Every structure is written in C-alpha cells, then in structure tokens.
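Take a look at the letters that make up each chain.
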Amino acid sequence: MRSIILQTATRYLLPILLLFSFFLLLRGHYSPGGGFVGGLVASIAFVLHSFANGTEATMKILGRKPLSLIPVGLGLAALSMVMPTFFGLPPMTGLWFEEKIPVIGSIGSALFFDLGVYLVVVGVVLTILFTISLTKD
Amino acid sequence: MLFTILFGFLSTLLLVPLGHKIKSKWSMVLPLIPASLFLYYLAYVPAVAAGSTFSQMIDWVPSLGVNFDFRLDGLSLLFCLLITGIGTGIFFYARTYLKGHPYYDRFFGYLLLFMSAMLGLVLSDNLLLLFVFWELTSISSFFLIGFNNEQEDSRKSALTALTITGMGGFFLVAGLILIANIAGTYQISGLIYSRDAIIQHELYPLALGLLFIGAFTKSAQFPFHFWLPGAMKAPTPVSAYLHSATMVKAGIYLLARFFPIMGGTDYWSYPLMIVGGFTMVYAAVHALFRMDMKAILAYTTIAALGVLVFLLGLGSKDAIVAASVFILVHALYKATLFLVTGIVDHETGSRDISRLSGLRKVLFPVALAAGIAALSSAGLPFTFGFIGKDLIYEATLHTEGNWPLILTAVALLTNICLLAGGFMAGIKPFFGPLPQAYEKLHLPPLSMWLTPLILAVLCLLFGILPGITGDFLSKATANAIFGAETHMHLKIWHGFNTVLLLSAITLVVGTLLYLINKPSENKLNAVARWNKLSPQYLINRFTDGVFKGSTLYTNSIHNGYLRSYHLKIILFAEALLIYKLWLSGPIQINWDQLTPLTIYEVAVVIILLGALLIVILTPSRLTSVVSMSVIGYCICLMFVFYSAPDLAMTQFTIDTLTTVLFVLVLYKLPSFLSLASPKQKFRDMIVALGFGTILSIIALKVLYEPVSKDTSNFYGENAYLLAKGKNVVNVILADFRGIDTMFETVVLSIAAVGVYSLLKLRLKSSEKE
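Definitions and limits used
- Residues numbered from 1 in each chain as written.
- Chains lettered and ligands numbered in written order.
- Predicted model: local features only at pLDDT ≥ 70, side-chain atom pairs only at ≥ 80, totals over all residues.
- Heavy atoms only, no water.
- UniProt positions renumbered as here; feature names shortened; annotations may be inferred.
- Helix = DSSP H or I, 4+ residues; strand = E, 2+ residues; numbered from the N terminus.
- Phe/Tyr/Trp six-rings, centres within 6.5 Å; stacked < 30°, edge-to-face > 60°.
- Buried < 20%, exposed > 50% of the residue type's maximum accessible area, 1.4 Å probe, protein only.
- Lys NZ or Arg CZ within 6 Å of the ring centre and 35° of its normal.
- Salt bridge = Lys/Arg side-chain N within 4 Å of Asp/Glu carboxyl O.
- Contact = heavy atoms within 4.5 Å.
- Buried area = accessible area lost by both parts, 1.4 Å probe.
- Polar contact = N/O pair within 3.5 Å; in protein donor to acceptor, adjacent residues only side chain to side chain.
- Nonpolar A, V, L, I, M, F, W, Y, C, P; charged D, E, K, R; others polar.
- Domains from an automatic or database assignment.
- Pairing = 2+ DSSP bridges.
- Expected span 1.5 Å × (residues − 1).
- Patch = residues over 30% accessible without salt bridge, like charges linked within 9 Å, V, L, I, M, F, W, Y side chains within 5 Å.
- Areas by Shrake-Rupley, 256 points an atom, 1.4 Å probe, with all protein chains shown as cover.
- Axes fitted to C-alpha atoms, helices over the stretch in contact; angles between N-to-C directions.
- Parallel < 35°, antiparallel > 145°, perpendicular 65-115°, else oblique.
- Core = buried A, V, L, I, M, F, W, Y, C linked by side-chain atoms within 4.5 Å.

(A) Spotlight on the UniProt feature "domain: NADH-Ubiquinone oxidoreductase (complex I) chain 5 N-terminal" (unreviewed entry) in chain B. Taking the numbering used here, the UniProt-annotated feature "domain: NADH-Ubiquinone oxidoreductase (complex I) chain 5 N-terminal" (unreviewed entry) corresponds to residues 62–108 of chain B. Between the C-alpha atoms that bound residues 62–108 of chain B the distance is 34 Å, and the span itself is 62% helix and 15% strand.

(B) Spotlight on the packing of aromatic side chains. All names here are of chain B. Applying the stated criterion to the full structure yields 31 aromatic pairs over all chains. On the basis of an interplanar angle of 70 degrees and a centroid distance of 5.7 Å, the ring pair of phenylalanine 259 and tryptophan 268 is categorised as edge-to-face. The same class applies to phenylalanine 259 as to tryptophan 268, namely buried. On the numbers, 5.4 Å between centres and 70 degrees between planes, the contact of phenylalanine 384 with phenylalanine 462 is edge-to-face. Taken together, the residues phenylalanine 384 in helix α18 (residues 384–397) and phenylalanine 462 in helix α20 (residues 446–464) connect sequence positions 78 residues apart. Phenylalanine 462 carries the same exposure label as phenylalanine 384, and that label is buried. Counting every residue linked through ring pairs, the aromatic cluster contains Phe91, Tyr104, Phe107, Phe108, Tyr110, Phe142, Phe143 and Phe147. The positively charged end of arginine 106 is found above the aromatic ring belonging to tyrosine 103, 3.9 Å away from the centroid.

(C) Just unusual backbone geometry, in detail. All names here are of chain B. In this structure, the amide linkage connecting phenylalanine 222 to the following residue, proline 223, adopts the cis form with an omega of 0 degrees. With respect to the element layout, proline 223 can be found in the loop between α10 (204–218) and α11 (227–230). Even without being a glycine, serine 643 presents a positive backbone phi close to 45 degrees. With a relative accessible area of 62%, serine 643 lands in the exposed category.

(D) Spotlight on the pattern of salt bridges. All names here are of chain B. In total, this model carries seven salt bridges over all chains according to the counting rule given. As a salt-bridge pair, arginine 351 and aspartate 345 come within 3.2 Å of each other at their nearest N and O atoms. Note that arginine 355 is salt-bridged to aspartate 352, the shortest N-O span being 3.9 Å. Arginine 355 sits in the exposed class, given a relative accessible area of 55%. Each of the salt bridges in this network shares a partner with another, and the network as a whole consists of Arg71, Asp73 and Arg257.

(E) Spotlight on the interface of chain A and chain B. At the junction of the two partners, chain A supplies 43 residues and chain B supplies 39 residues. A buried area of about 3700 Å², summed over both sides, lies between chain A and chain B, and 77% of it is on carbon and sulfur atoms. The interface formed by chain A and chain B includes zero salt bridges. Linking chain A to chain B there are two residue pairs in polar contact (both at pLDDT 80 or more). Taken together, the elements giving at least two residues each to the side of chain A that touches chain B come down to α2 (35–53), α4 (69–86) and α5 (109–134) of chain A. It is α5 of chain A that contributes the most residues to the side of chain A that touches chain B, 14 residues altogether. A class-by-class count of the residues in the side of chain A that touches chain B yields 28 nonpolar, eleven polar and four charged.

(F) Highlighting the domain arrangement of chain B. Taken domain by domain, chain B comprises domain 1 (264–519) and domain 2 (562–728). Domain 1 of chain B and domain 2 of chain B are separated by 77 Å when their C-alpha centres are compared.

(G) Inspection of the UniProt feature "transmembrane region" (unreviewed entry) in chain A at higher detail. Residues and elements named next belong to chain A. In the numbering adopted here, UniProt assigns the feature "transmembrane region" (unreviewed entry) to residues 12–30, 36–55, 67–87 and 107–132. Annotated as residues 36–55, this span is 95% helix and 0% strand, and its ends, taken at the C-alpha atoms, are 23 Å apart. As annotated, residues 67–87 has a helix share of 86% and a strand share of 0%, and its two end C-alpha atoms lie 32 Å apart.

(H) Highlighting the pairing of strand β1 (residues 54–61) of chain B. All names here are of chain B. Note: β1 against strand β2 (residues 66–72), seven bridges, orientation antiparallel. Bridge pairing in β2 links phenylalanine 54 to leucine 72. Remark: four residues form the turn of the hairpin made by β1 and β2, two consecutive strands paired antiparallel; glycine 65 in that turn has positive phi of roughly 80 degrees.

(I) Looking closely at helix α16 (residues 317–348) of chain B. Residue and element names in this part refer to chain B. Spanning 32 residues, α16 covers 46 Å between terminal C-alpha atoms, matching the ideal 46 Å at 1.5 Å per step. The buried fraction of α16 amounts to 29 of the 32 residues, a majority that puts the element mostly inside the structure. Glycine 349 sits one or two residues past α16 and shows a positive phi near 80 degrees.

(J) Expanded view of a nonpolar patch on the surface. All names here are of chain B. Judged by side-chain polarity, Phe382, Val457, Leu460, Leu461, Ile464, Leu465 and Ile468 come together as a nonpolar surface patch covering roughly 600 Å² of accessible area. When residues of the nonpolar patch are assigned to their parent elements, the largest contribution, four residues, is made by α20. By the element assignment, isoleucine 464 lies in helix α20.

(K) View of the packing of helix α17 (residues 364–378) of chain B against helix α19 (residues 404–426) of chain B. All names here are of chain B. Taken N-terminus to C-terminus, the directions of α17 and α19 make an angle of 175 degrees; their axes are 8 Å apart at the nearest point. As judged from the angle between their axes, α17 and α19 are roughly antiparallel. Here Ala370, Gly371, Ala374, Leu375, Ser377 and Ala378 of α17 lie close against α19, whose contacting residues are Leu418, Leu419, Gly422, Phe423 and Gly426.

(L) Seen up close, the nonpolar core. In this structure, Tyr41, Phe258, Met262, Trp268 and Leu359 of chain B are the most contacted members of the largest nonpolar core, which totals 197 residues. Not counting chain neighbours up to four residues away, the residues in contact with tryptophan 268 of chain B comprise Tyr204, Leu208, Phe212, Leu255, Phe258, Phe259, Met262, Gly263, Leu312 and Gly313 of chain B. Residues Ile44, Ala45 and Val125 of chain A together with Ala734 of chain B belong to the second largest nonpolar core, which totals 33 residues.

(M) The arrangement of the side chain of serine 244 of chain B in detail. Residues and elements named next belong to chain B. Note on placement: serine 244 falls in helix α12 (residues 236–245). Under the relative-accessibility criterion, serine 244 is labelled buried at 0%. Of the polar contacts made by the side chain of serine 244, one reaches the backbone oxygen of alanine 240; its length is 2.5 Å. The contacts of serine 244, once residues within four sequence positions are left out, are Ile86, Ser239, Lys249, His330, Ala331, Lys334 and Ala335.

Listed below in structure tokens is the structure:
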C-alpha cells in the first residue's frame, strides 16, 4: 500500500500544508479562515502523512501523543478568556497590543483564543483517528 | 444547638479514618457521644419546664428563606432527650451485641448519622431545613435497615422503607412549600401568627393532605404501615432505636409540631381519627397472630403510633396531654422489649414464642426487665403505662358530642390487644418450664442487659413518682403542642371512676385473651390468606408493573442499535415539524423571486444525484462512503456559489476527515452484510423522503417569513468597532460568542478522551487475558 509518489509528495506537502493552516489561523480575523479550519487543515496534513508513511512515522514527527495537545489548547483558550479579569475587565474582553506587527497585523487575545481552538482541534482529530488506526484487533 | 447536630455528623466522619480503632479498645468512646449530648439537653430541662424556649439562627440561603434556624421548646426537648437518652442505651448495648462484626465501625457511623439527622429534624425551625433532615433520616435509616446487606430480604425491606418514606417526603415537601407560600414565611415558629390565614385559605385541605401523607408514611399508618414489619430485618438495636423513640415518631412529631398551626379543624380531626383509629385496631389485632417476637413488637408499635395519631386527631386538652405522656411511655417500654428480644435472639438463636419458655431461670435480669416493660405496656398500676392508659381513656371519654362511646370502645379494644401482645413478647418466653435445649445458656455480659433493665426501672420509677416527668410532659411538652396552657398534673390515683373501671376491664380481658390465644402456624396462614387485599400486596403488584413497564419501554426505545435510535429521532423530528408546519398555515411559493439557475448549479446537482444513486445501490461499503463524500463536496460547492466561504472551507475539511474516519473504521468491520430486509429498506426510504420533503418545504417557507435582522446587523456593524476584526463569522466565534466556542472545544476534547479511553481500556483488558 506504500506509494513512493505519495511518500515523496507528503515530505513536501506536510510543511506546506502546516504553513497554510497557520496562515488560515492568522488571517481568520480579517478574511475567511480561523482556528477551527486551520486546525482541520493541519490535521489533514498529518493524516495524509500517516497514510503515506504509516501512523508510527507520523507519531514520531509529532514527538508526543496528540492527546497532550488538548490540555495545552484548552488551557490557552481558557487563559485568554480569563486574562482580562486580571486587568479588572469582564472575561472575554478583547485585549490588543498597540503596536502592529508586520505581515500578521495587530495581535489580541482573540488570536490566542483561536490558537487554543486550533490546538484542540488538531489534538482531537488526531487522537480519534490515530487511536482507531493503531488499534489492533 | 447547631453544634450538637454537627457533633454527630463530625463523629461519623471521624469514624472513617479511626474506624479500626473503635473495633477493639476504643469502643467505649461511642456511647459517650450520645451520652454527652443527653446531659447537654438535660441541663435545659428546668428552664424549658419553666416555659422558656431557646432559638438559634444562622443564615444559610436567606434569599430563598432557607436558614439554619433552630428552636428548643418542650416538644423538641422531649424528643431530643429521647433520641440522645435512648440512643446512649442503644449505643452501649450495640457495642456488645455487634462485637466482632466486620462492619462494626460502619454500623456506628450509620447510627450516628441517623441520630444527628433526627436531632436536626426535631430542632429545625425552618420548613425546608426540617425537610432536609426528614430526608436524611429516611436515607440513613435505609442503611441501617439494610445493614445485613448480604441477605436479599434485608435489602428488599430497606428499599421498601426508603420507597415509602421517600415518597412521603415528596408529598411532605409539596405541603410545606404550600404552607410557606400561604403564610409568607418558612419559619415554623412564625407560622403560628398566620394560623387564621392558613386555615381559611382555599388550599388548606390540600396542604393538610400532603402533610398527612408525609406523616403517615413515616409513622407507618395504614395503608403505608407495611414497611415497618419489614424493617425488622435490621439488627435488633436498630429496630429498638428506630421504632421506639426515633424514626417512626418523626411523623408524630410533625403532626404535633403543626397542631397549633393547622390543627383543631374538622379537616384535621376526622382524617387523623379515622386513620389512627383504624391503624391501631388493625395492627393490634394483627399482633395477636404473630409468633416472632419482633413481629409482635412491630405490630404493637404500629398500633401505638395509631394511638398517637388518634389522640392528636382528637385534639382536646386531655388528648394532647395523653399523647405527650404516651410518647415517653411507649418509647421506654418498647425499647426495653426490643432489646430483650435482641438478647433472647442472641442467646437462643430463636425468636419464636411458641418454642421459647422458662428463660427466667437462665436470664433472670433480662426476664425482670421484660416483665416490667410488659406490665407497663399493659398499664398495670404503679407502672408508667398505667398513667398513659388512664389519660387515653380520659381523653376519649371527655370528647364532646356523640362520640365518646365509640371512641372509648375503639381505645379499649386496642388496649386489650396491646396488652395481650405485650405479654406475648415480654412474659411468654420467660415463664413456664425451661426446655432442655436452653438449660446451658448463660447470662450475657452486663453491658447487654443493663440498658433494658435501666429502661424498665424507669418505667416503674416514672409510674410510682409521676411528678418526676409529669410536670414537664403535661406542661412544657403539652403546651408546646397545644399552643396554650394545659394546667394538668399527672396523678396515680384518680379515685373510683369510669376510667379505673375501663383499666380493670382492659387488664382482665387482656390477660384472658393472652391465656386463650395461642399463636400457631395455622392461624398465621389463615391470616395470610387475606394478603391479597393488603396494601402491601397491592403496592408490590404496582411496583412489579412499573418494572415490567420500564423493561418494555427500554426494550422498545433504548434497544442499543444506532439505526433504531436514528429512525426514532428522525421520526419524532418529522412529527414535530409537520405539526408546526400544519399550525403555521398554507405555504406560498413565489417562483418569480427565486434566482435563476446557473449552469454550475445544474452540473453540481446532477453530480449529486448520481452520487446519491451510487450510495443507495452499491453493494460495497467503501464505494458508498466515497460517494457520500462526493455528496458532501457538492454541498460545499453550493456554499461557495452562495458566498459562504468560511462554511465551505470548514465543510470541505470536515468531509475529508469524516471519509478518512469512515474508511479507518470500515477497515476493522467484517465485510458487507445485508442486514436490512426489503421491507425495512422501504420503510427507511419513506422516512428519508419524508424528512427531505419537510426540510425543503421549510426552506421554501423561510424565504417568505419576515426575518428580524437586528442580530446580524449588530454583529456586522460592531465586528470591527468592538473586536477589530473584519471577518464577522470568526469574530462571532472567537469573540462575541467565545464562551460557546470554549465549551464546544471542551465537548470535542471529551469526545476524544472518550474514544481514546474506550479503545485503550479495551486493549488493556484483552491483554490481560
């Protein structure tokens, strides 16, 4: 089932797709995109890689269990949600850095929230798919 | 007062880490807990007897009217003393009775929990707090009754008791809330000022009825009485505690507590007199047919509770004083008899009165205690029971109207049977010749027979010197129930009058009945023939029906097949939608307003239909999954045409991943099986077509419904101003409705953890094999 063409292609596709997913995440506030779609695209990139090279190889690239991404993502989203309360504002108030960063634009708490969603989505999708594909019966 | 209740609860908690200690040398600490509380409440007696009351108020949820309000008056003090005093005896006795039991510490934990709940119940001055403690007594008694949980009978009895008292609690809370709404306060001592408003309110009979059901279930009144004989499966100390002084008296306490607030009307009197009167005669007669000492005591207890309800129903000054005295009389002799039964059972292994006899020769102090208690229950002069019985006759004789004769006759009949029942349990096993089998019995340790003996001596002491308790009971307690001064003194000697004559008749006829009546299996079986009419039988039938019904329901609705759940959910949704569509009137479609078809749309629809056909017709799972994803992509294209790029993007990726997921799962499944018959396929087709049609109609209808655009306009205008974002969809997701998104991600995570743990756990268990 291993295809040389797919294996070679994914070697280049994986970084490109990940970059694209990150691009979707960053532009989400202004144009179509966002954390959810970005996360899905990133998961597809890994799934594609696992199809070509086997799930074990993909797990090696990830370096850790995808399950561990979930608490990180949830924590980040929750933190960006409660962060404003430390400044005496109601939770979920948008906080923004005043300086704009070239290419990305202004950075605010919404971006970190989206990043949290992104990580959770990647974690959830990969956990479900990899757990099933690694189950031997 | 709060601390006395918390003291018990905290001790219960302490038993968790320290439980193994009390099993051995520390067990003497246990009786000290109720004993110290008993002394604490004893110190209140002089002040309360002089007419003072004590209150303690701590805010809990003031906005809902739920507070830790406690109040100590004559009535609650009597109960506190009974709970802690008899509790001390029971703890002391159970220490030895249960020695070596593997769940020794657990038993005392339950007992302490129960005691604290009872204390809370009688001290509460807040309706909802009272209910909380009421339920706590039900729950903790469940554990006590079902203590021998390896016996099926025991579990069943515990469940019956919990069901009946729990159901009563449900009615009670409804009644209490009604009362509180009428009176505008949850404070019990404050309700008395709204007495007129409550009694004249149109919902008064309803509130009263609910209250009565609560009290009747707890105090085992007909037709809810049957849980009490069943509860005899509990260890004897528990029966002694629950059925003499505490649990079953809670209903009596409730009625007594509400007497000044709601009592004295026809609605109050007749139900109580009828139910109480019937219960006392029914149970007293039933007691005569029993052979098990505990069963006799159970039925005489029900009868005694009937007497109390009856007296509270009578509601005259005499009746209230009689009730106050009888509460103590009954608690003392009944606890003694139960504890004696426990000793006899413990030593001989039998409770069958047709086999036991002559035990006085080996168990003399026990026989002494039993004899005194039986005489007190019979109401012999110079026992406390004599005073109690006199007061009952006095109350029935002095009723106004045409009733005295009938009521006195009912009371006489009950007392005669109670006397015979008391003799059967308290005298029969100890007299006559000693069977050979029991000759080698020895007296159990002092710690077991001391408690019943002390209680029996109290029966005698209070009878000879009624002044010790008399003033407290007839004034402080009776005043608290009656709501006004009673001015009564307890006396031993009333002179030669009707009451004395009635007492004499009771004694003579009762003793004769005891001598004539020989309970036997045959008689018991003869009574059993009527079981089909008993409330227990009917309620058992009812619960069986509930079980059958729920099994039927589960099998038809929750059968565990995903396809069946889907079918039912969709059918239900269809029914709802059709109903709603039918309500909203005719559907008009203005064809001119629809945008004209473009070539792209036509092409996509043709692809979609083709894929659909393949899904339905293909014999291969993989093909159908792939075709399904084609359908998904076609729909995504529609989103693209109608400018919803965010939606289209998400749908594309989701579709891709779903297909991957499908293929992964399919890989693990057995090869294709045709599970559905043509008939089922046809049915599914109808359901699916119906759903599609309904949704299409709704989609067309939506076009002509007036739509409020306030929300979308708000988001559109403020996305950049408030959230610095130009993509409204994303701003809604990440900012305006961020909390929703947050919880959605949590749900996703739970799903992932679920899948992970399900598969991983299954792996682990299969690895073990």
